[in-house]
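Spelled out, the chains give:
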Amino acid sequence: MAALFEARGQAAALAHALAAAGLSWPQAHHRFEPDETGTGTVLLGPARLLVIAPAAQESALAEALGRAFDGEAMADFELVSDMYAVFSVSGAGALDVLRQGAPLDLSGQVFAPGSVAGTELWSVTAIILRHPGSGTGFTLFVDTSLAGYVADWLAVASGAPPVLKPGTMASPPPALTP
Amino acid sequence: MTARRLARGGLVDRSVPLAFRFDGMDLSGFAGDTVASALMANNVALVGRSFKLHRPRGFFGAGHEDGIMVSRLAPRPATNQLATVTPLEADASYVSVSTWPDARRDVGAVAQWFSRLLPAGFYYKTFMAPNWHLFEPFIRGAAGLGRVPDPAWQPVSESRYGDCDVLVVGAGPAGLGAALTAARSGASVMLVDDGEGPGGRLVSDGIDDGGWASRTFAELHTMASVRLLCRATVWGYHEHNLLTVIERRPADAPDLDLRNWKIRAGQVVIAAGAHERPIPFADGDRPGIMLASAARSFLHRHGVLAGERAVVFANNDSARGAALDLAAAGAAVTLVDIRPDPGGTQAAMLAGRGVTLVAGGCVLRAIGRKRVEAVQLRQADGRLSTFPCDLVAVSGGWNPAFHLASQTREARSVWHDDLATFVASHGEGRFRLAGAARGIFEAGACIRDGVEAGQAAVRTLGRTGPAIEAPDLDDPFVARSVAPLWFVPPRRPGEKVFVDLSGDVTTADLGLALREGYDSIELVKRYTTAGMGVDQGKSGNVNVIGIVGALTGQATDLVGTTTFRPPFVPVEFGAIAGARQQARLYPWRHTPLADWHLARGAVMYEAGLRWQRPGYYPLPGEDGKAAASREARAVRNGVGVYDGTPLGKFQIKGPDAGRLLDLVYISDFGKVAVGRGKYGVMMSDDGLIMDDGVAFRLAENRWLLHSSTGAADKVHAHLEQIMQVHRPDWQVSILPVTTQWANATLCGPRARDLLAALKPDFDISRAALPFMGMAEGHLGTIPVRVFRVSWTGEMSFELNTPARHATALWEMVMAAGAPFAITPVGSEANHILRVEAGYISTGHEVDGTADPYDLGLGALVSATKPDFLGKHAMMMRRALDPERCELVGLLPGDPERSVPEGAPLTPGGDKVGQEGFVSACVRSVALDRVIALGLLRRGRSRMGEIVHARVRNEIVPLRVVAPVFHDADRARVRS
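What you see is a predicted model, and the numbers here were worked out from it, not measured in a lab.

Describe the environment of A38 of chain B, with residues and values.
Residue and element names in this part refer to chain B. The topology assignment puts A38 in helix α1 (residues 35–41). Sequence separation between A38 and R4 is 34 residues, and the spatial gap between their C-alpha atoms is 9.7 Å. Setting aside its immediate chain neighbours within four residues, A38 contacts R5, F20, G29, D33 and L88.

Would you mind going over helix α8 (residues 318–328) of chain B in detail, with residue names and values included?
The periodicity of an α-helix, 3.6 residues per turn, causes residues three or four places apart in sequence to face the same way. Residue and element names in this part refer to chain B. α8 sits mainly inside the fold: 10 of its 11 residues count as buried. All buried positions along α8 are accounted for by S318, A319, R320, G321, A322, A323, L324, D325, L326 and A327. Once α8 ends, the next one or two residues include G330, with phi positive near 115°.

Can you tell me about the sheet that holds strand β2 (residues 13–22) of chain B, naming the residues and giving the values?
Residue and element names in this part refer to chain B. If you trace the 5 strands from one edge of the open sheet to the other, you get β3-β2-β8-β6-β7, paired in mixed fashion. Two strands close off the open sheet at either side, each with one partner strand: β3 (25–31) and β7 (78–82). Sheet twist, expressed as the mean angle between neighbouring strand axes with direction ignored, is 40°. In terms of strand pairing, β2 meets β3 through 7 bridges, oriented antiparallel. Residue pairing for β3: F20 is matched across the bridge by L27.

Provide a residue-level description of the interface of chain A and chain B, including the pertinent values.
On the chain B side, the residues contacting the 53 residues of chain A number 50 residues. Linking chain A with chain B are 9 salt bridges, by the criterion used here. With its nearest N and O atoms 3.8 Å apart, the salt bridge here joins R227 of chain B to D96 of chain A. Counting every contact that joins chain A to chain B gives 22 residue pairs in polar contact (both at pLDDT 80 or more). At the level of secondary structure, the elements contributing two or more residues to the side of chain A that touches chain B comprise β1 (3–9), α2 (58–70), β4 (75–79) and α4 (147–157) of chain A. Per-element accounting of the side of chain A that touches chain B gives the leading share, 5 residues, to β4 of chain A.

So what about the confidence of the model for chain B? Which residues, and what values?
Residues with a pLDDT of 70 or more make up 99% of chain B, whose mean pLDDT is 94. Prediction confidence for the complex, expressed as pTM and ipTM, is 0.90 and 0.93 respectively.

Give me the lowdown on the domain arrangement of chain A, citing residues and values where you can.
Residue and element names in this part refer to chain A. Here the domain parsing of chain A yields domain 1 (2–79) and domain 2 (84–176). In this structure, domain 1 and domain 2 have C-alpha centres spaced 24 Å apart. With 11 residues of domain 1 in contact, the opposing surface of domain 2 contributes 12 residues. Both faces considered, domain 1 and domain 2 share a buried interface measuring about 880 Å² in area, 69% of it formed by carbon and sulfur atoms.

Each value, and the rule that gives it
- Residues numbered from 1 in each chain as written.
- Chains lettered and ligands numbered in written order.
- Predicted model: local features only at pLDDT ≥ 70, side-chain atom pairs only at ≥ 80, totals over all residues.
- Heavy atoms only, no water.
- Helix = DSSP H or I, 4+ residues; strand = E, 2+ residues; numbered from the N terminus.
- Contact = heavy atoms within 4.5 Å.
- Buried < 20%, exposed > 50% of the residue type's maximum accessible area, 1.4 Å probe, protein only.
- Pairing = 2+ DSSP bridges.
- Axes fitted to C-alpha atoms, helices over the stretch in contact; angles between N-to-C directions.
- Salt bridge = Lys/Arg side-chain N within 4 Å of Asp/Glu carboxyl O.
- Polar contact = N/O pair within 3.5 Å; in protein donor to acceptor, adjacent residues only side chain to side chain.
- pLDDT = per-residue confidence, 0-100.
- Domains from an automatic or database assignment.
- Buried area = accessible area lost by both parts, 1.4 Å probe.

What follows is the structure in C-alpha cells.
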C-alpha cells in the first residue's frame, strides 16, 4: 500500500503548506517526479494536489502535513491511503491491457514516464501514473469501493479468468417487493 | 453456371484442402477460401433464398456488397455470417439461412406464388386487423434472416481504444500510398483493411504491380509507428475523429474472435475504394448473375472461374477487364455493351483476345430458374435473340465508397456527370478521400492520389510527407464513359426487376411507393426498405435514386440522396460490449466489509449510487422478510450493527465554511459548537429538497458533512458548483473523503453498553457524548471517530475508522457484542426502523416534489438567516399552492395488508387524479402490524380520516395518523 494524501485549496496556500512540510511544489501539472525516498507531489488540477509516498512514510508525513495545514486557512489535506486501491500494471502488454478501458492515449510518446492523469478507466474514475524512470509500467489509483470491479476487469483484460466473487446482485429479490 | 476451380491462380493454398458441409452436401475447398468462393468452386450456384419471396439466390458480389448469409452449425454455431467475407474453416458445417429443408428445395418458395399480394409495405395494409402482432411472428419467421443456433457460439470479444496520427481506411493502391507516405514522415499510422491481406483492386483485378503492394506492405510491417489491421472494417465515423473498427480474428491475439476498436485519429484518409453497381433487368437476381467485379475477384483471389459461358453486360469500360480476364481463364465471353460505339478499335482488340463484342445491345431478361441458363438479348438493330450462358457479369458503373465521409456530416453527395454517380464534396480538414473513394479509378493514379492525401494529412500535423514514386501499372479498363442505365424496363407486366437484392425490392415496388405518395427518396427508402438490407444498399442505392428519377421525370442529381449512417457493415453487439458483461457490466461499489457480509450469508444488492450493501442476513430457513424483522427487533430490544460506510462524507475547511453550510442548508449552522453536529436539509435552487444530512464541526472552520448515500455525488457537484461558479470569492476547500472511512453503526438500547465493552479510551457518557455529539479516540489499537446520529429511532453510535481497520473493527464489535446478542443489520431492517421512527428517506419521501414544510421539517427552517438556497422559490411555490402534499402516517384497515410503495392515493380509490401516494410500507416490529408513510394533500389536517390507495383493481382503505410510530418524543434516540 502506498501512502497517499490529498490536498485541496488555493495554490499559494497549498505551496506554502507543502514547503512547511518539507515537500516540493510540482514542476508541472500531471507530473510525478519523486525524490530519492520515492515521495513526490502531483498537481491534478489548479486546486487539487496528491502526495504519493512509500507506505512506511505515512505516519511521519501525516504528522508533518498536519502541522503544516493546521496553519493554513485556505487549504486542507486528508490522509486518503484507505480511499484508493492501488494496482500496478506492468510488462510488455501493459499498454494493450489498459487501452481496453482507457480512452486516454497512454503511449510513451504522449504519456511520458512520470505522467499522471485523472481519467476514465472502464467506466470508473482512475488516476493513472506511468512509472517514472523506465516508464515500462503503470500504477492505477481507483476508489477502494471499486477495487473488486477493476481487479476483475484487469484480470479479464489481461487474458486471465474473472476474479470477482459471486454473491452480489443488481436488484433486490422479488420476495422483498411488497 | 458451371463454375470451377482453376489449376492455378488466386491466393488460396491448394496444398491445404479443407473439407466442409453445406446444406447437407460434402464439399471441399482450400485454405484461403471464403465460404462463398469454396461454394463457387464446387459449382454450388443456389446458396440462399431471397428475404421476402424466397426466390433462388446466388452470390452477386464478392465482399460486403453481397447479401448471402449462412449459418454455421459447427464449429462455434452462429448465424448470419456473410459468406463472401467468412473464411472457410476445416470440417465446418454450414446451412443456408431461413430455408427449409435447404436452399434448393425451400418450401418457403411458395411465397413466390403470392408475390402479387406481397408488394412493398404489404404488411401495413394487409395485416391490420385484428392486430399486427398476431401475424408478426409468422412474418418475421418467414423473413430471410437466420435463426440463432441453440446453443449459440459466444465469441470472445474485446473492445479497446486506439490513437494514431493518421488512420488510413483501406489497403488498396490509394490506401497503401497514403499509409506509406504518412509512415515515412514519422507519423503514427493505423492501416485498416477488410481483406485478408493488402492490395485491394490490385489483387481483385489481377493488376500486375510488380510486387509494389506486397513490398509496401512489408515495409509498413517493419515500422514501429505503424499498426496494420487486416480482416478489419471501419464501421463508424463519429464526432471528433473517433472511428470504430471491427476486427475479426486479430492476428496478434489468437484467442480473440472479435475486437472492436474506438480509434481517435488526428487525420483520416478514406481510401475505401468503390462498389460496382448492377444494371437491373428482368429476373436479374437468378443464381449465376453477379457483378463483373465479383467474377473478377473470385478469379484472382480464389482461382475460381464463375462460369464457362459468360455474358458480360456493361455500360462502361471497366467490364472489359473482367471480360478479358474471364476469357483468358478459359471462358467463352460475350460482352454486351449498351453503348453503340464503345471505343473505336476496341472490338478488334477484344475479338483478338477471345471476347465477342455486342455493341449497342442490351440484356432484357434472364432465363432459368435455379440458375441462369440464357439471357434474352436485344441487338443494336432491335433484333431479339436468346443467348445461352451460365454466367452473367454485370457492370452498371461504380459508386465511390464515401460512406464514412458522409457519416461525418461534413461531406455532401455531389453528382458527377462523367462517372454517372455521386461523389463526396470535400470535408473540413480532418479527413481526405483518396483513390476510387473519390472517383479516381486507374490504379497508378490511385497510388499517386493516396500519396498526395498522405502528404496533406501529415502536413496538418506539422510533418512533411516524402514523395513516393508510383509504379507504372497497366490498368486501361476503368469506369470511363459511363452511359447511365439504371434499369432495363421489363417487356411484359409482372416481370420482376430487382434493384435491391438484400431487401427483395423491385422497380415495381419503387413505382408503387411513388404512386402512394412517398415522393421523397428518404420515404421511398423507408417504405420499400430499399438500401436497408444486409448490404445497406452498397451496390444498388444509386440505381434506386436513378430509377426514382426516371419514374418521376427528375434528373438523377435532383432526386436527392439517402443518409449514410453507422454501421457500415453489420457488427456484433458482443464485439461492442467486449468484456463488459457479468460483473464487469456495471461498476458496482463495495465497502471494505463486503467479504465479511458475504461470509455471513448476506444477500447483497444496490442501495443507492451503485453501492452493493447487505439487504439482510438470512438464517437457515428464513426468507428476506423474516430476516429483516428479526434484525429490526434486535435493534429495538438489544443492539444491532450496520455498515454505514457508503454515506457521503466531505471535509469542508476555510473561513467561509460556515457561510457555505448556511447557504446550502435550511437551518442555522452558525451556532453549532465545535464537537457537535446538526441535522440539515439541503435544497436545490427550485426550493425542493435535494438531500438531508448531518454536518459536524470538527474545528472552528473545519466541518465534516455527511450526505445520504444516493445523493453523495450530486451533493459534491452542488457544493463545487457553488464554490466555483457562484461564490468563487469564498475561502473554502472541499475534500471528498467518503471511502477513506469505514463504518460500524451500533444502534439499540444496549448500544452504549456495547461501546463500553469495547473499552474506548475516551468518555462515552451521555454528558460527554450526547446525541449529535462526537468523540475521537481508540478502541484498543483501532482509531475511531464516533458520531451520535440516529436513523433508527434508537440510541446510535456511528464508529468510523480508516478503511484498513474495517474488518478488525467489525470483528471486535461482534466479539464484544456477543453477550448482548448483537445482530448485523441490513438495509431492509433499517428501512423498517426508519419508517417506524418517521425519518424521511431520499427516493421515498424526498421525491423531488417535496419541500421541508411538506415533510414536517418546517421547524428546521431558520427564521434568522437572511437567505439560503431555494428559500425564495420554496416560499413562492407555497404561496401559490397552499394545498401541498404533506407527510402522514397511514394504517391499513387490515393490519396485515401491505401496500406497494408508490401506490396512488385517490379520493375513494377511484380512477381519478391522485391526492398523494404511499411512500413507504413495512411490517412494523414495534407495533406488530403493517404501517406506512405517505404524502397526502393537506395531510396534516386530515388526521383520522380514511383515505384510499388503489392497487390495480383493489382499493385499500388507510387511516391517516401522525407519521411517527415509535419514540415520538425521541427519548430513546437522545438517551
